[in-house]
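# Observations on the three-dimensional arrangement
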Amino acid sequence: MAFIEVEDLTHVYLRGTPMETTAVQDVTLRIDEGEFTVLIGPTGSGKSTLVQHFNALLKPTTGKVRVGGRDLSDPKTDLRAVRHQVGLLFQYPEYQLFEETVDEDVAFGPRNMGLPADEVRERVRNALEAVGLDPATFGPRSPFTLSGGEMRRVATAGVLAMTPKVLVLDEPAAGLDPRGKAEILGKIRSLHDGAGITVVLITHSMDEAAALASRVVVMDRGRVVMDGPTREIFARADELRAIGLGIPAVTTLVRDLRNRGIPVRTDVLTFEEAHAAIREALGWN
Amino acid sequence: MELSRFVTIGQYVPRESPVHRLDPRTKIAAVTSFMVVIFVVRDFVGYGLLTLFLLGIIALARIPLGFVLRGLRPIVFLLLLTVVLNVFFSGVEGGTVVFRIWRFAATREGIIRALFIAYRLILLVGITSLLTFTTSPVELTDGIERLLRPLRRFGVPAHELAMMMTIALRFIPTLLEETEKIMKAQMARGAVFDRGGALRRARALVPVLVPLFVSAFRRADELALAMEARCYRGGDKRTRMKELRFTPRDAAALVVTVVISVLFAIPLAVWQRLAP
């Protein structure tokens, strides 16, 4: 069942001023419960603008957005309830921390939901554990004394503590070192696989997209230009390159091998698949 | 949730127009002379002519009129207050009483005067916002720096003042954007800014103000570092990439404005007396 339905969405910034720009144009998109969707596209293609409609932070200039069957442009829809269901983590979320302690900051969301104090405490602990921070050591510390990667994880916990059904993440791994990247993406994946959370993830890394997503949506200049299963999308390498994107490193590798005459399958997305495909082509099995 | 939509005053609107191409010093001088006239003019004809002149420049600058008018929105309250206070407390003695509220009488003369003063404010905001719409902040501060330069002899740090202004102006849109982003991030976590009494609303701003200050300090630090890394020093020996150039076009624009200003400043009665 589609949880988020976007219909003919167009969003124009600063309408009626000399700086008017159309960020999203005629986008129709359905995101099913339990899906892991990755949204890719060049800078300025409208990805961030699009996802801000999923929890009504932005209102469509024209078109409709429905979340869980509720029309977000209907004045009777409780937008706060929608925001509790669709958790959105912005780019560089470490800059939104403000409380005196990590515990208090993570508790901000659940408290706004009006939950009782012991429930809030419970959720804070679970959320910190989910992002790999020990609640006992990190909880009482000031968020401003943490490293960048730790701050990002606290901010992520702040969204997770609201236990959303859908988690929307805008480049959660940008600017982290390889280990930090692997950790945060691993956590997101286990939230999806384990807790069954629907995930929409924006990224510039084709490798991340290939490793995580079951479905890839490609945007270019405000429009959705491709939408389909990950393997199918990354088979269209030339089209992706034409809009300034690429394909995962391992996919590039096997395609190069094939161009040099090694009869290897090219529909691989992960290191393991590439490994198997190359062995098969060389007859090493 | 587009803050820059509501704050048009002080914004720069890049366009290709004769007004945009003028030297910033010309524009500052022209605006100053126009502002003086606004205070000198005392009759309807004068204000009519000033309005026409202003509309002409707006058209020449290719700025939509609606955009200029939107800049008046923040001062609507000030305008209303000015009118009300001036109608009742203008100090105009005598005159025809139009209506009374309790002990305060509104006279015909008082009302006209109040409207004049309000209209003066509108013209002032109009002409000054036209200056910022057509002049990039960098040009504007360059212009101010050059105009202040003679005052250095009396210890006015012209360059430093101009640099501070440039940086402040440069960061207004950045901080607005940042505010918007932080507000959205906190709204995504269930924060509500537009409900409750004054105290509750003020408290709701803490999650916005703290990150905003933190990031403003961080930006200031980074900027200082970047400037030092490029060996920035204020002072005499600095050269500039773009020298300001006073062209014949600037001279013409300035002469036209000053002449028009002087002509407009002469009251209608004087003209009538001059006529044979």
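Structural notes, computed from the coordinates. (Residues numbered from 1 in each chain as written. Chains lettered and ligands numbered in written order. Predicted model: local features only at pLDDT ≥ 70, side-chain atom pairs only at ≥ 80, totals over all residues.)

### A word on the overall build of chain B
Helix and strand content of chain B: 13 helices and two strands. The globule rule puts the C-alpha radius of gyration for 276 residues at 19 Å, and the 23 Å found for chain B is more than 25% above it. The principal-axis extents of the C-alpha atoms in chain B amount to approximately 70 × 55 × 40 Å. Buried positions account for 22% of the 276 residues belonging to chain B. Long-range contacts, defined here as pairs at least 24 residues apart, represent 76% of the contacts in chain B between residues at least 6 apart. (Helix = DSSP H or I, 4+ residues; strand = E, 2+ residues; numbered from the N terminus. Rg over C-alpha atoms; globule rule 2.2 N^0.38 Å. Buried ≥ 20, exposed ≤ 12 C-beta atoms within 10 Å, placed from the backbone. Contact = placed C-beta atoms within 7 Å.)

### Some remarks on the nonpolar core
With 88 residues, the main nonpolar core has Val-106, Ala-157, Val-168 and Leu-201 of chain A as its most contacted residues. With six residues, the top contributor of residues to this core is helix α6 (residues 148-160) of chain A. Once residues within four sequence positions are removed from consideration, Val-168 of chain A is found in contact with Val-51, Phe-54, Val-86, Gly-87, Leu-88, Leu-89 and Val-200 of chain A. Judged by nonpolar contacts, the second largest core, of 19 residues, contains Val-19, Ala-30, Leu-123 and Leu-130 of chain B. (Core = buried A, V, L, I, M, F, W, Y, C linked by C-beta atoms within 7 Å.)

### Comments concerning the environment of Val-225 of chain A
Residue and element names in this part refer to chain A. With respect to the helices, strands and loops of the structure, Val-225 is situated in strand β10 (residues 223-229). Between the C-alpha atom of Val-225 and that of Arg-152, which follows or precedes it by 73 residues, the distance is 31 Å. In contact with Val-225, not counting residues within four places along its chain, are Val-218, Met-219, Asp-220 and Ile-243.

### Topic: the interface of chain B and chain A
Contact with chain B, which involves 22 residues of that partner, is made by 25 residues of chain A. Elements with a contribution of two residues or more to the side of chain B that touches chain A: α1 (3-6), α9 (158-188) and α11 (206-229) of chain B. At seven residues, α9 of chain B tops the list of elements feeding residues into the side of chain B that touches chain A. Considering only residue class, the side of chain B that touches chain A consists of 13 nonpolar, four polar and five charged. (Nonpolar A, V, L, I, M, F, W, Y, C, P; charged D, E, K, R; others polar.)

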